[in-house]
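Single-letter residue listing:
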Amino acid sequence: MEKGDKRGILGELGVKIDTLKCTGCGACTLVCPVEVLEVIDMKARVKKGCINCGKCIEVCGWMAITLEKDKKKK
Ligand code: SF4
Ligand code: SF4
């Protein structure tokens, strides 16, 4: 069995931060295993490289983070 999915989705899937809901608490930045989250001006931002583990979504008590599916940036 092969499982190469995680690498294949880099850059294509990711999480989206709702800046209206985000309080800048920083909880999500602490749990991200690949450290792609950062808080700037009290709003979380996601950089490239998210592996869609979902941890930040779980910890955000304000439900400001959602999974972004099939978004292709051009
Ligand atoms: S856990 Fe939620 S509210 Fe806190 S900084 Fe991250 S996105 Fe914003
Ligand atoms: S889903 Fe996982 S890898 Fe992506 S930003 Fe959230 S904690 Fe980081």
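Attention in this report is confined to the structure presented alongside it. The shown structure was predicted, so the numbers you read here are calculated from the model rather than taken from an experiment.

## Considerations on the overall build of the protein chain
For the protein chain, the helix and strand inventory stands at three helices and four strands. N-terminal to C-terminal, the α/β element order of the protein chain is α-β-α-β-β-α-β. Residue burial in the protein chain is summarised as follows: out of 74 residues, 16% are buried. Residue pairs in contact within the protein chain that sit at least 24 positions apart in sequence constitute 58% of those at least 6 positions apart.

## Digging into the site of ligand 1
For ligand 1, the set of nearby residues contains 15 residues, the closest of which are Cys22, Cys25, Cys28, Ala44 and Cys60. In terms of residue class, the shell around ligand 1 is built from 12 nonpolar, three polar and no charged.

## Structural notes on the site of ligand 2
What surrounds ligand 2 is a group of 14 residues, the closest being Cys32, Cys50, Cys53, Lys55 and Cys56. Residues of the shell around ligand 2, tallied by class, amount to 11 nonpolar, two polar and one charged.

So, how was this worked out
- Residues numbered from 1 in each chain as written.
- Chains lettered and ligands numbered in written order.
- Predicted model: local features only at pLDDT ≥ 70, side-chain atom pairs only at ≥ 80, totals over all residues.
- Helix = DSSP H or I, 4+ residues; strand = E, 2+ residues; numbered from the N terminus.
- Buried ≥ 20, exposed ≤ 12 C-beta atoms within 10 Å, placed from the backbone.
- Contact = placed C-beta atoms within 7 Å.
- Near = placed C-beta within 6 Å.
- Nonpolar A, V, L, I, M, F, W, Y, C, P; charged D, E, K, R; others polar.

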